[in-house]
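An overview of the molecular structure
The residues making up each chain are set out below.
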Number of protein chains: 2
Amino acid sequence: MYEGMKERAVDLGKTASSSDIIFDALRDEIISGNLKAGESIRQEYIAKIFNVSRIPVREALKRLEAQGLVKNERYKGAIVSSLSEEEFIEIYEIRLLLEPLVIKEAARRITPETLKIAESYCNEFSAEPDSNNWGKLNRKFHEALYRDSKKPFHLKIINEASDRIDPYIRAQLVLTHGMEQARIEHNEILDACRNGDGEKAAKLTYDHIQDSYNALIPYLRKITDGA
Amino acid sequence: MYEGMKERAVDLGKTASSSDIIFDALRDEIISGNLKAGESIRQEYIAKIFNVSRIPVREALKRLEAQGLVKNERYKGAIVSSLSEEEFIEIYEIRLLLEPLVIKEAARRITPETLKIAESYCNEFSAEPDSNNWGKLNRKFHEALYRDSKKPFHLKIINEASDRIDPYIRAQLVLTHGMEQARIEHNEILDACRNGDGEKAAKLTYDHIQDSYNALIPYLRKITDGA
DNA sequence: ATATTGCATATTGGATCCAATTTGCAATAT
DNA sequence: ATATTGCAAATTGGATCCAATATGCAATAT
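So, about the sheet that holds strand β1 (residues 40-41) of chain B. All names here are of chain B. Ordered by their spatial adjacency, 3 strands build an open sheet running β1-β3-β2, and the pairing between neighbours is antiparallel. Each edge of the sheet is formed by a strand with only one pairing partner; in this case those strands are β1 and β2 (70-73). Here β2 pairs with strand β3 (residues 77-80) via 4 bridges, running antiparallel. Residue pairing for β3: Lys71 is matched across the bridge by Ile79.

With that settled, consider empty space enclosed by the protein. Summed over all chains, the structure comprises 1 cavity of 30 Å³ or more. Along the walls of the largest cavity sit Phe153, Lys156, Ile157 and Glu160 of chain A together with Phe153, Lys156, Ile157 and Glu160 of chain B, which together make up its complete lining. Mapped onto the lining of the largest cavity, the elements with two or more residues apiece are α8 (152-175) of chain A together with α8 (152-175) of chain B. Of the residues that constitute the lining of the largest cavity, the class distribution is 4 nonpolar, no polar and 4 charged.

Here the focus is the relation of the copies chain A and chain B. Each copy superposes on the other: chain A lies on chain B with an RMSD of 0.0 Å after a rotation of 180° and an axial shift of 0.0 Å. The transformation just described matches what one would write down for a two-fold rotation axis. Here 100% of the contact residues of chain A are again contact residues in chain B; the copies associate through an equivalent surface.

On to the protein's contact with DNA strand D, then. Taken together, 19 residues lie near DNA strand D, and Arg58 and Arg74 of chain A together with Ser18, Ser53 and Tyr75 of chain B sit nearest. Within 4 Å of the protein, the atoms of DNA strand D are drawn from sugar and phosphate moieties in a proportion of 62%. Here a phosphate oxygen of DNA strand D and a side-chain polar atom of Gln43 of chain A are 2.9 Å apart. One of the side-chain N or O atoms of Ser53 of chain B is found 2.6 Å from a phosphate oxygen in DNA strand D. Mapped onto the surface near DNA strand D, the elements with two or more residues apiece are α4 (54-66) of chain A together with α2 (18-31) and α4 (54-66) of chain B. For the surface near DNA strand D, the class distribution of residues is 7 nonpolar, 6 polar and 6 charged.

Another point: the packing of aromatic side chains. Inspection of every chain in the model, using the stated rule, returns 8 aromatic pairs over all chains. When the ring of Phe88 of chain B is compared with that of Tyr213 of chain B, the centres are 6.4 Å apart and the planes differ by 25°; the resulting orientation is stacked. On the criterion of sequence distance, the pair formed by Phe88 of chain B in helix α5 (residues 85-108) and Tyr213 of chain B in helix α10 (residues 198-226) is long-range, its members being 125 residues apart. On the basis of relative accessible area, Phe88 of chain B is assigned to the buried category, the value being 0%. Site record: aromatic cluster; members linked through ring pairs are Phe88, Tyr92, Tyr168 and Tyr213 of chain A. A cation sits over an aromatic face here: Arg63 of chain B above Phe23 of chain B, 4.5 Å from the ring centre.

What follows covers the packing of α8 of chain A against α8 of chain B. Between α8 of chain A and α8 of chain B, the least distance of the axes is 12 Å, while the angle of their chain directions is 150°. Here α8 of chain A is positioned roughly antiparallel relative to α8 of chain B, judged by the angle of their axes. Along this stretch, α8 of chain A crosses α8 of chain B, giving a crossing that reads as right-handed. Facing α8 of chain A, whose interface residues are Phe153, Lys156, Ile157, Glu160, Ala161 and Arg164 of chain A, α8 of chain B presents Phe153, Lys156, Ile157, Glu160, Ala161 and Arg164 of chain B.

Examined against the element boundaries, Ser212 of chain B turns out to sit in helix α10. Beyond its immediate chain neighbours, meaning those up to four positions away, Ser212 of chain B contacts Tyr92, Arg95 and Ile169 of chain B.

Grouped together as the largest cluster of nonpolar side chains are 84 residues, with contacts concentrated most on Phe88, Leu145 and Cys193 of chain A together with Phe88, Leu145 and Cys193 of chain B. Not counting residues up to four positions away in its chain, the partners in contact with Leu145 of chain A are Ile103, Ala106, Ala118, Ile189, Leu190 and Cys193 of chain A.

Moving on: the layout of surface pockets. Empty space within the largest pocket amounts to approximately 1400 Å³. Lining the largest pocket are 37 residues, with Lys62, Glu65, Asn72, Glu73 and Arg74 of chain A sitting closest to its centre. Breaking the lining of the largest pocket down by element, the ones donating at least two residues are α3 (43-50), α4, β2 (70-73) and β3 (77-80) of chain A together with α2 and α4 of chain B. For the lining of the largest pocket, the leading source of residues is α4 of chain A, giving 6 residues.

Cut-offs applied
- Per chain, the residues get numbers from 1 upward, laid out in the order the sequence is written.
- Just so you know, chain letters begin at A and ligand numbers begin at 1, following the order they were written in.
- Residues qualify for local features only when their pLDDT is at least 70, as the model is predicted, and side-chain atom pairs are given and counted only at 80 or more; totals for whole chains, interfaces and linings, by contrast, use all residues.
- For the side-chain quantities, the full set of heavy atoms in the structure was used; hydrogens and water were omitted.
- For two strands to count as paired, DSSP must find a minimum of two bridges between them.
- Numbering goes from the N terminus for both helices and strands, where a helix is a DSSP run of H or I of at least four residues and a strand is a run of E of at least two.
- With a 1 Å grid laid over protein atoms only, a set of points is called a cavity when a 1.4 Å probe fits there but cannot get out and a pocket when it is open yet has protein on both sides within 12 Å along at least five of seven lines; lining residues have an atom within 4 Å of a point.
- Grid points are joined across faces, edges and corners, and a volume is the space filled by probe spheres set on the points.
- Throughout, the ten residues Ala, Val, Leu, Ile, Met, Phe, Trp, Tyr, Cys and Pro are labelled nonpolar, Asp, Glu, Lys and Arg are labelled charged, and all others, Gly among them, are labelled polar.
- The copies were overlaid by least squares, fitting only the C-alpha atoms of residues that reach a pLDDT of 70 or more in each copy.
- Should any heavy atoms of two residues lie within 4.5 Å, those residues are counted as being in contact.
- Here a residue is near a molecule or strand as soon as one of its heavy atoms is found within 4 Å of it.
- Any N or O atom pair separated by 3.5 Å or less is treated as a polar contact, with the protein-specific requirement of one donor-capable and one acceptor-capable atom, and with residues adjacent in sequence counted only for side-chain atom pairs.
- Here a Phe, Tyr or Trp ring, Trp counted by its six-membered ring, pairs with any other such ring whose centre lies within 6.5 Å, and the pair is stacked when the planes are under 30 degrees apart, edge-to-face when over 60, and tilted otherwise.
- Only protein chains enter the accessibility calculation, which uses a 1.4 Å probe; a residue is then buried when its area is under 20% of its type maximum, exposed when over 50%, and partly exposed in between.
- In our convention, an over-ring charge means Lys NZ or Arg CZ found within 6 Å of a ring centre and within 35 degrees of that ring's normal.
- Throughout, an axis means a line fitted to C-alpha atoms (over the contacting stretch in the case of helices), and angles, computed between N-to-C directions, take values from 0 to 180 degrees.
- Small angles under 35 degrees read as roughly parallel and large ones over 145 as roughly antiparallel, with 65 to 115 read as roughly perpendicular and the rest as oblique.
- Crossing handedness is read from the near helix: turned anticlockwise from the far helix by less than a right angle, it gives a left-handed crossing, and turned clockwise, a right-handed one.
- To form a nonpolar core, buried Ala, Val, Leu, Ile, Met, Phe, Trp, Tyr and Cys residues must be joined to one another through side-chain atoms within 4.5 Å.

So, in structure tokens, the structure goes:
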């Protein structure tokens, strides 16, 4: 009886805690490049912004540390992690291994709903005039394509890997006008997914990541020097 | 002046916080299988054991959640994560991709010190009579072999993946007497590392993981049912 | 006998308070 | 001018306290 109530109850149960909200907010600031590598995050400062005590802030920072985005140092605050060129290369190695594998599965079982979402982000990305939003939309597009892969563990790794390099990707998207290339490749990948052609989607994704890497490497030093 | 002091000062600086100690302890309990999937961890209970308040316990639990080992649920405590057969397979997929890659690099640059450590754990593993210690020694052996890979991001993923399946591996090591097989394979891998033969070490590691998977699959249902 | 209701208890999330100690800067000494 | 010392302020880790509410069980109603 009243089956509809169940879903509403579940939704109510999912009200995010302060800690969750602060975690998401800080993660966003870091991966957007708004908080740069080496910068210090003071607990008290964040607590005041969100009108909460330091407790939920500290929990959020501990979680960010577990994911490698910051390093908590006593009396110094949470220092935003930097990325050496070696680690940067490592992350691309992992992306090149896992993302083609994931999209292969996802493309084969992709649902019309997911396809709609991905198409939407793809179009938004192509049309967006504000370069500050390119990074986020690019990310959302790729996330959408992987949704139906049924590989949560792979996705967790891909997400964390992407978080680490996202600030650099975003800076590069703004600096160069490699948008054209990205737009073309996104549409090709989307097309392969529409046809359920996992193999082709995988190959295109591999090349897409490789292109991203090639575009980014020359800018890596420039960006890290500028910090 | 007094150069030696620096190192001591650094060492002193690394005194672990309560939160760190509790995190390590809970992680150990989970990956040892002492705390089983589905069990609830009460903050107050842990706090009393360690004679601390709930604050550091909560921070530890948040970190464990970030790594996927528990899921914090209000009024219910931190529930130890279970692993579906699909996720189990996923983790082995990832291990099969990353571990051979890592050991290939590690074997090429392995130092005498690291080799000594790995040999030590290998021998301990072979000689250990108490089956409760097999899992930990097995893990330590593999960790040692990967030490010189210079791939921190890969290692982090491998560690977290291993954490998730370790309870099952340990149960299986105790249930079957596949120790013989493991011992032989460990020595073969170690030998390839001694010779700096990265390719061979990678191939042997791949087969070793594959064997582990084959041994574990039949026991997976048995173990999860028994919980 | 079974289902519903109400209340005491348990349990977590967050606020406030306290302790420890590093950091930064000014005063002092060389 | 430079290096050393001393002290106030800043900052984090942890303890204690409070609020909200879910859970479990007993009492009640059907």
